[in-house]
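A closer look at the structure
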Amino acid sequence: MGKIVIDANRCKSCYLCVSTCPKGLIKKSDKTNRLGDYLVEFDDKNNECIGCAMCAKRCPDMAITAVYK
Amino acid sequence: MAESNEKVLIKGNYAIAQAAINAGCQCYFGYPITPQTEIGEYLSAEMPKLGRGYVCAESEIAAINMVVGAVSTGVRAMTTSSSLAVALMQEALSYAASDELPVVLVNVMRAGPGLGYIYPAQGDYNQSVYGGGNGDYKIIVLAPSTVQECIDFTYRAFYLAQKYRNPVILLADGLLGQMMEPACFGKDPYPEVDVSSWALTGAKDRESRAIYSIGTDEKKQVQHIYNLFKKFEVIAENETSYEEFEVEDADIILTAFGSITRNIKAAMKVLRDKGVKAGCFRPVTLSPFPHKRINELASMGKDFAVVEMNMGQMFKDVKYAVEGKSNVSLINRPVGEWLSVEEIVSAVEKIMESKYAASIQYS
Amino acid sequence: MQQVFSIPKSMKKDFRYTFCPGCDHGVAIRLVAELLDEMNLREKTICSTSIGCSVFLYDFLDVDCVEAPHGRACASATGVKRATPDKFVFTYQGDGDFASIGLAESMHTALRGECVSAICINNTTYGMTGGQLGPTTVMGQITTTSPYGRNREYYGYPIRVAEQIALCDGTAYSARVALDTIPHINQAKQALKKAFEVQLQGLGFGFVEILSSCPTNWHMSPQEAHIRVKEEMMPVFPLGVYKDVTTEKGE
């Protein structure tokens, strides 16, 4: 079981994390940032996150600020 | 030779090199070019003995940027070059002025424009004082006229550079670089400058520091430029220096910078013997320029005759300083054989006869 | 729960990258910051920064930085290292800075075997100015100054930087890495570590060329850009270690 923390202020909506998560737990959100881009959200209802931190390593903006395992 | 009160017979280039060592220059970066190559040769032998830095740079561009890097750590460093190669360094000088880095550059001038040749000239007054780099910035420029001054001004250059965090150019010429004269090294007379408030030493027990010139914020950039120029006003107030002889009763003041000053002093004596009331004035700091004193002398009704080995570069600054209060004449040869005492005397006599400002050019 | 990822301490507090969305610069800088943390180098680091998209490094990394004019970062780093040999000195440059305008400075710093580390971000274009043809633009690539594609007649050929630097006798380590996949990002970090170590060991010049994406100027999504790194860049710029004096690849 794992968990990630997303900093919406750093996210630039590149969605690289979406395609990187091996469990498909990161999705486009309905919320937008100042520029009107749709942010991402961590959706792990079934506690599938394995804490691999691949999303954080992929994120070019360090918007995933913490990963727990 | 280091730090001795003995007089030694020494070439200008070697004098500059040894004075740099005495002044605590920790790193030298250079690229060969006549007529200053002896400086690099001398230091290539001496710096390793002292465990100090020496790099045969791949170009003058690299050399000056190595100086930029070295001085950013708070140590003293310099490069030396000549005219056309100093032209290559102008970009880095603009950066260093904006970054407020104490770069020391020695320019042993030769003839231009373009490749020109290795005979001496004074054609880099504008390049040094007004700069070839982009934007508004100012450099401190010191112009020695003797080998002794090559030593004294090298000490002063390192001191002023660190004291004001501003690049300094020591503007010598091929004549000074290549000539031997008795001179005394003495000891660097200036106190050590504390650089701890800005030098890059690694962000240990303090916030990290960044030295940069990029100005993305327009308002901050405006203030930055004002601050640079305010600093230079302080430099002008404290450091403007000049030399004058027998100006009190003079009708005409021979004005020159650098090594040709030697000839105007001799010409003044000949003219005095002939009954012409001549005086001498020589800016030591070309930047800041002694505008105020020149203006005072002009207000007393004294005419000026500027003697230069260029097409009248300092001449324009003297005219600007005089503000039309008296006549300013030009006696010049653009490059080559230094204007002789006889040539200067005869030119001054012609000017005195005409009663107006004149331009007397020798070929 | 155990924290397995956090923002490196060598990043400035409250930094926010000013790069375009999907730009790999952010990953490269993170790797550097992580290594400064892990190798305990932050407090003895002086970075020589460059011109281009890489110019704002000092806004992100919490280390001492001196800005060099375009292309001169290796010269400036040489000055820093000669003045203070006990410091850890590195440059962070783009391909235009390192391998075009600054090729002489970069190559001679390698030839002298200066104990500094250099990082060159290769994204096959001049990013900051809006995507012009650069020294690493690949054959056929369309840029704003090669609208018909790079060809021999008008533009000549791109430079393979890591191979060229490996040819210099003063180079202790030269490698090319990429940031298109997680395994490649991990490899990139190992290469950077090696380039830092050879400096600390006094072995010579440490160099890493990083294949990077530029989605904005390539007119691609970040995902497409990473595919381009693999399909169009890697055949021209093969990944690998081109020199490592600490192994048999040294000579």
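Quick note: structure is the one above.
Presented here is an overview of the structure given in this document. Counting restarts for each chain, with residues numbered from 1 along the sequence as it is written. Key to labels: chains lettered from A, ligands numbered from 1, both in the order written. For a predicted model such as this one, the threshold for reporting local features is a pLDDT of at least 70, and the threshold for listing and counting side-chain atom pairs is 80 or more; totals across whole chains, interfaces and linings nevertheless cover every residue.

To continue, consider the overall build of chain C. If you tally the helices and strands in chain C, you get 10 helices and 8 strands. Each radius of gyration reported is based on C-alpha atoms, and the globular scaling rule is 2.2 Å times the count of residues to the power 0.38. Taking 251 residues into account, the globule formula puts the C-alpha radius of gyration at 18 Å, and chain C, at 17 Å, falls close to it. Counting other C-beta atoms within 10 Å of a residue's own tells you its class, since 20 or more makes it buried, 12 or fewer makes it exposed, and anything in between is partly exposed; those C-beta atoms are placed from the backbone. With 251 residues in all, chain C has 61% of them scored as buried. Helix and strand assignments follow DSSP, with helices taken as H or I runs no shorter than four residues and strands as E runs no shorter than two, numbered in order from the N terminus.

The subject of this paragraph is the interface of chain B and chain C. It is the C-beta atoms, placed from the backbone, that decide contacts: two residues are in contact if theirs lie within 7 Å. Across the contact, 34 residues belong to chain B and 30 residues belong to chain C. When contributions to the side of chain B that touches chain C are tallied by element, the ones reaching two or more residues are strand E2 (25–30), strand E3 (53–56), helix H3 (60–71), helix H5 (90–99) and strand E9 (210–211) of chain B. Residue contributions to the side of chain B that touches chain C peak at 8 residues, all from H3(B). Residue polarity is assigned by list, with Asp, Glu, Lys and Arg as charged and Ala, Val, Leu, Ile, Met, Phe, Trp, Tyr, Cys and Pro as nonpolar; anything else, Gly included, falls into the polar class. The residue inventory of the side of chain B that touches chain C, partitioned by class, reads 19 nonpolar, 10 polar and 5 charged.

Attention shifts here to helix H10 (residues 261–273) of chain B. All names here are of chain B. Each residue after the first adds 1.5 Å to the expected span of a helix. When the terminal C-alpha atoms of H10 are compared, their 19 Å separation across 13 residues agrees well with the 18 Å that a helix rising 1.5 Å per residue should span. Turning to H10, its buried residues number three or more, namely Thr261, Asn263, Ile264, Ala267, Met268 and Leu271. Buried residues in H10, looked at end-on, bunch into an arc of 145°, giving them a common side. Where H10 is buried, its residues contact strand E10 (242–245), strand E11 (252–255), strand E12 (278–283), strand E14 (303–308) and helix H13 (341–354). Positive phi shows up at Gly275, right after H10, with a value of about 95°. Taking the helix axis as origin, the arc is that swept by the directions to the C-beta atoms.

Regular strands have side chains that alternate between both faces of the sheet. Every second residue of strand E3 (residues 64–67) of chain C is oriented toward a common face, with Asp64(C) and Val66(C) on one face and Cys65(C) and Glu67(C) on the other, all of them buried. Between any two strands, pairing holds if DSSP finds at least two bridges. Where E9(B) meets E3(C), 2 bridges bridge the pair, whose relative direction is parallel. When the bridges of E3(C) are listed, Ala210(B) appears paired with Cys65(C). Relative to E3(C), strand E2 (residues 45–49) of chain C runs parallel, the two sharing 4 bridges. Note on E3(C): the bridge partner recorded for Ser48(C) is Val66(C).

In this section: unusual backbone geometry. Residue and element names in this part refer to chain B. Cis geometry is adopted by the peptide bond preceding Pro35, which originates at Thr34 and carries an omega value of 10°. By the element assignment, Pro35 lies in the loop between E2 and helix H2 (37–49). The backbone of Arg165 shows a phi angle near 50°, a positive value even though the residue is not glycine. Among the structural elements, Arg165 can be located in the loop between helix H7 (147–164) and strand E7 (168–173).

A few words on helix H11 (residues 291–299) of chain B. Residues and elements named next belong to chain B. For H11, every residue scored as buried is listed here: Ile294, Leu297 and Ala298. Down the axis, H11 shows its buried residues gathered within 100° of arc, on one side only. In this structure, the buried residues of H11 make contact with E11, E12 and helix H12 (313–322). Two residues or fewer after H11 comes Gly301, characterised by a positive phi angle close to 85°.

If you rank the 2 pairs of chains in contact by how many contacts each has, first place goes to chains B and C. The closest approach of any C-alpha atom in chain A to one in chain B is 21 Å; the two make no contact.

Residue and element names in this part refer to chain B. Lines fitted to C-alpha atoms define the axes here, with helix axes fitted over just the stretch in contact, and angles between the N-to-C directions of these axes take values from 0 to 180 degrees. Orientation of H3 relative to H5, taken along the N-to-C sense of each, is 15°, at an axis distance of 9 Å. Judged by the inter-axis angle, H3 sits roughly parallel to H5. In this structure, H3 crosses over H5, and the sense of that crossing is left-handed. Contacts between H3 and H5 involve Ile64, Asn65 and Val68 on the former and, on the latter, Ala92, Tyr95 and Ala96. When its residues are assigned to classes, the contact of H3 with H5 shows 5 nonpolar, 1 polar and no charged. An angle counts as roughly parallel when it lies under 35 degrees, as roughly antiparallel when it exceeds 145, as roughly perpendicular when it falls between 65 and 115, and as oblique in every other case. Should the near helix be turned anticlockwise from the far one by less than a right angle, the crossing is termed left-handed; should it be turned clockwise, right-handed.

Here the focus is the nonpolar core. Residue and element names in this part refer to chain B. Put simply, a nonpolar core is buried Ala, Val, Leu, Ile, Met, Phe, Trp, Tyr and Cys residues tied into one set by C-beta atoms within 7 Å. One finds Val67, Leu254 and Val348 to be the most contacted residues of the largest nonpolar core, which totals 197 residues. Here this core takes 10 residues from H7, the largest share from any one element. Delimitation of the domains relies on an automatic or database domain assignment. Each of domain 1 (7–190 + 210–239) and domain 2 (243–361) accounts for three or more of the residues forming this core. Once you skip the residues sitting within four places of it in the chain, Val348 turns out to touch Ile252, Leu254, Ala267, Leu271, Val276, Ala278 and Ala305.

We now examine the environment of Lys44(C). Assignment of secondary structure puts Lys44(C) in the loop between helix H1 (25–38) and E2. Not counting residues within four places of it along the chain, the set of residues in contact with Lys44(C) comprises Gly202(B), Lys87(C) and Phe88(C).

The next point concerns the interface of chain A and chain C. With 23 residues of chain A in contact, the opposing surface of chain C contributes 21 residues. Where the side of chain A that touches chain C is concerned, the elements lending two or more residues are helix H1 (16–20), helix H2 (54–58) and strand E4 (64–68) of chain A. Of the residues contributing to the side of chain A that touches chain C, the split by class is 10 nonpolar, 6 polar and 7 charged. Pairing geometry for E4(A) and strand E1 (residues 3–6) of chain C, over 3 bridges, is antiparallel. Paired with Val67(A) across the bridge in E1(C) is Phe5(C).

Across the sheet, 8 strands lie side by side as E9(B)-E3(C)-E2(C)-E4(C)-E5(C)-E7(C)-E6(C)-E8(C); this open sheet has mixed pairing. Either end of the sheet is taken by a strand with one partner, and the two such strands are E9 of chain B together with strand E8 (240–244) of chain C. Bridging between strand E6 (residues 171–178) of chain C and E8(C) involves 4 bridges; their strand directions are antiparallel. Directly across from Arg176(C), in E8(C), lies its bridge partner Gly240(C). Here helix H3 (residues 73–83) of chain C sits on the sheet and contacts E2, E3, strand E4 (88–94) and strand E5 (117–122) of chain C; the angle it forms with E4(C), its principal contact strand, is near 175°.

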